[in-house]
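As a plain string of letters, each chain reads:
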Amino acid sequence: MTSAYVLDSHLSKFGKTESDYQSLSYDTANHLLKKNPGFIPEFLIFACMAPERYTGEIFLPAKIKEDLGLSSLFAIRSETASSSGASALHLARYLLLSGKFKRGIVIGTEVMSRLPREENNLLLGSVLSSGQRNLAMSMAQGGALTATRYLRDFGYTRKELFRLSKKLHDNGLENKIAHIQKNLNEEEYFSSPMFSSPLCLYDISPLSDGSCALLLETDPARLKKDRKKIEITGTGHGLGQVNGVPGGLSFTASKSAFKQAYEEASKKPEDIQVAELHDAFTIFEIIAAEDAGLFPQGKALANVAEGITDKRGRLPINPSGGLKTRGHPVGVSGLAQIAELCEFMNENDSDTALSLSIGGLGVNNFATILEAKK
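Residues numbered from 1 in each chain as written. Predicted model: local features only at pLDDT ≥ 70, side-chain atom pairs only at ≥ 80, totals over all residues. Heavy atoms only, no water.

### Digging into the nonpolar core
- By size, the foremost hydrophobic cluster in this structure holds 53 residues, and its most contacted members are Tyr150, Leu277, Phe281, Ile283 and Leu294.
- Ignoring anything within four residues of it in the chain, the contact list for Ile283 reads Gly143, Thr146, Ala147, Tyr150, Leu161 and Leu164.
- Ranked by size, the runner-up nonpolar core spans 33 residues in total, among them Ala4, Ala92, Leu96 and Ile232. (Core = buried A, V, L, I, M, F, W, Y, C linked by side-chain atoms within 4.5 Å. Buried < 20%, exposed > 50% of the residue type's maximum accessible area, 1.4 Å probe, protein only. Contact = heavy atoms within 4.5 Å.)

This is the structure:
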């Protein structure tokens with residue numbers, strides 16, 4: 001059977017850039033293609049959420065292909081809000097497994113810094129249902145509802161949330177491309193502005209610019225000899241209700257995505273050795289870890305407090321710093337998770353990895369399992 005391998009990847013620095021989508025995409029993809037001479041992609045999938053709103057750019061896949069000097073190829077855009085990078089990766093894998101294509105490039109780029117925070121919040125909140133928007137609800141308030149219920153139902157306090165945020169900030173300190181590199185202390189956390197109780201400034205991902213490019217290959221003989229052969233062995237997708245009631249302790253779309261990915265890869269939760277889980281709000285890492293079966297419901301935050309999910313713990317979760325500190329250029333994050341996992345697997349004794357990317361308020365979600373093959 002055909003397999004889809006990650007040949008190589010490249011991440012830009014996350015944060016704020018003066019580049020536009022087209023230029024930043026070219027820089028990231030060109031750097032990657034130059035590192036891999038002889039790689040001729042047969043398709044290009046571009047992931048983003050809203051370039052028309054952020055910078056006024058349109059028709060980007062064709063323009064990026066032209067800039068890269070590629071010959072005619074299948075080029076398309078994938079947009080599923082904040083899971084766009086993951087949806088692009090899954091689409092690319094499906095194209096390869098179909099047998100129609102042998103190799104391709106996936107690029108995700110977002111330039112969010114051109115809009116002020118108020119406009120950004122309105123744009124990101126446009127994925128909410130009309131009923132939720134009529135109540136003046138924001139994405140952060142949706143995350144806060146979940147956090148409030150989780151802390152109450154399972155007997156936690158904001159001290160445990162601080163420990164989670166501290167872990168993510170410590171990981172970001174070690175990530176050279178991270179948007180936020182800060183040695184967070186308890187006093188700063190508890191004195192920071194409260195965005196939506198109990199979530200403060202240090203519980204919410206930043207508005208970031210950034211880009212990621214990734215090369216996929218079907219021929220294992222073409223993979224680099226000095227790196228692990230990393231195969232995408234399981235993908236899963238769940239599509240929930242946009243009009244669903246926020247504040248739940250689980251996302252049906254995530255559970256569906258995890259179930260499909262585990263079954264396709266013939267894996268169980270206990271096989272996972274490292275994970276990158278969507279944490280636009282810190283509490284979402286906890287919900288995702290429990291939806292994935294990595295911990296029983298109500299226990300994930302306790303495992304964070306015990307150091308189990310630290311970068312050098314028994315089960316590292318978000319060793320990159322996650323969306324919280326690596327940054328969250330929304331259309332890029334799902335693809336960046338894969339690049340970060342591949343790097344972690346190559347640098348550590350970890351051979352099975354899991355990611356979850358969330359689109360909207362837990363609605364359009366994608367799970368991916370990676371395995372290092374001998």
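### Quick look at helix α11 (residues 282-291)
- Burial analysis of α11 places ten of its ten residues in the buried class, which makes it a mostly covered element.
- Among the residues making up α11, those that are buried are Thr282, Ile283, Phe284, Glu285, Ile286, Ile287, Ala288, Ala289, Glu290 and Asp291.
- Two residues or fewer after α11 comes Gly293, characterised by a positive phi angle close to 80 degrees. (Helix = DSSP H or I, 4+ residues; strand = E, 2+ residues; numbered from the N terminus.)

### Looking at the pattern of salt bridges
- Considering all chains together, one arrives at 22 salt bridges under this definition.
- Between Glu217 and Arg103 there is a salt bridge whose closest N-O contact spans 3.1 Å. In this pair, Glu217 is assigned in strand β7 (residues 209-217) and Arg103 in strand β4 (residues 103-111), connecting sequence segments 114 residues apart.
- Exposure remark for Glu217: the relative accessible area of 0% places this residue in the buried category.
- On the basis of relative accessibility, which here comes to 14%, the residue Arg103 falls in the buried class.
- The partner of Glu263 in a salt bridge is Lys259, with the nearest N and O atoms 2.7 Å apart. Residue Glu263 and its partner Lys259 are both found in helix α10 (residues 252-265); the two are separated by four residues, about one turn of the helix. Pair check on accessibility: Glu263 and Lys259 agree, each one exposed.
- The structure contains a network of salt bridges with shared partners spanning Glu42, Arg103, Glu217 and Arg222. (Salt bridge = Lys/Arg side-chain N within 4 Å of Asp/Glu carboxyl O.)

### Focus on the UniProt feature "domain: Thiolase N-terminal" (unreviewed entry) in the protein
- UniProt's entry tags residues 44-216 with the feature "domain: Thiolase N-terminal" (unreviewed entry), counted in the numbering of this structure.
- For the annotated span residues 44-216, helix accounts for 45% and strand for 18% of the residues, and the straight-line distance between the end C-alpha atoms is 10 Å. (UniProt positions renumbered as here; feature names shortened; annotations may be inferred.)

### Here we look at the UniProt feature "domain: Thiolase C-terminal" (unreviewed entry) in the protein
- In this structure's numbering, the residues bearing the UniProt feature "domain: Thiolase C-terminal" (unreviewed entry) are residues 250-371.
- End C-alpha atoms of residues 250-371 are separated by 26 Å, and the span's content is 41% helix alongside 15% strand.

### Things to note about the sheet that holds strand β8 (residues 229-239)
- A sheet is described by the order of its strands in space; here nine strands give the open sequence β3-β2-β4-β7-β1-β8-β11-β10-β9, paired in mixed fashion. Strand pairing shows two members of the sheet lacking a second neighbour, β3 (74-78) and β9 (274-277), which therefore form its edges. In this sheet, adjacent strand axes meet at a mean angle of 25 degrees when their direction is disregarded.
- Where strand β2 (residues 43-47) lies against β3, five bridges are found, and the strand directions are parallel. The residue bridging Phe46 from the neighbouring strand is Arg77, located in β3.
- Across the face of the sheet, α10 comes into contact with β8, β9, β10 (352-357) and β11 (364-373) while running at roughly 145 degrees to β8. (Pairing = 2+ DSSP bridges. Axes fitted to C-alpha atoms, helices over the stretch in contact; angles between N-to-C directions.)

### A closer look at unusual backbone geometry
- Here the residue pair Ser197 and Pro198 is connected by a cis peptide bond, since its omega of 10 degrees sits within 30 degrees of zero.
- Along the chain, the position of Pro198 falls in the loop between β5 (194-196) and β6 (199-200).
- In this model, Phe59 sits at a positive phi of 60 degrees, which is unusual for a non-glycine residue.
- On the basis of relative accessibility, which here comes to 62%, the residue Phe59 falls in the exposed class.
- Here the phi dihedral of Ala136 falls at roughly 60 degrees; this positive angle occurs in a residue that is not glycine.
- When you line up the elements, Ala136 lands in the loop between α6 (130-134) and α7 (139-154).

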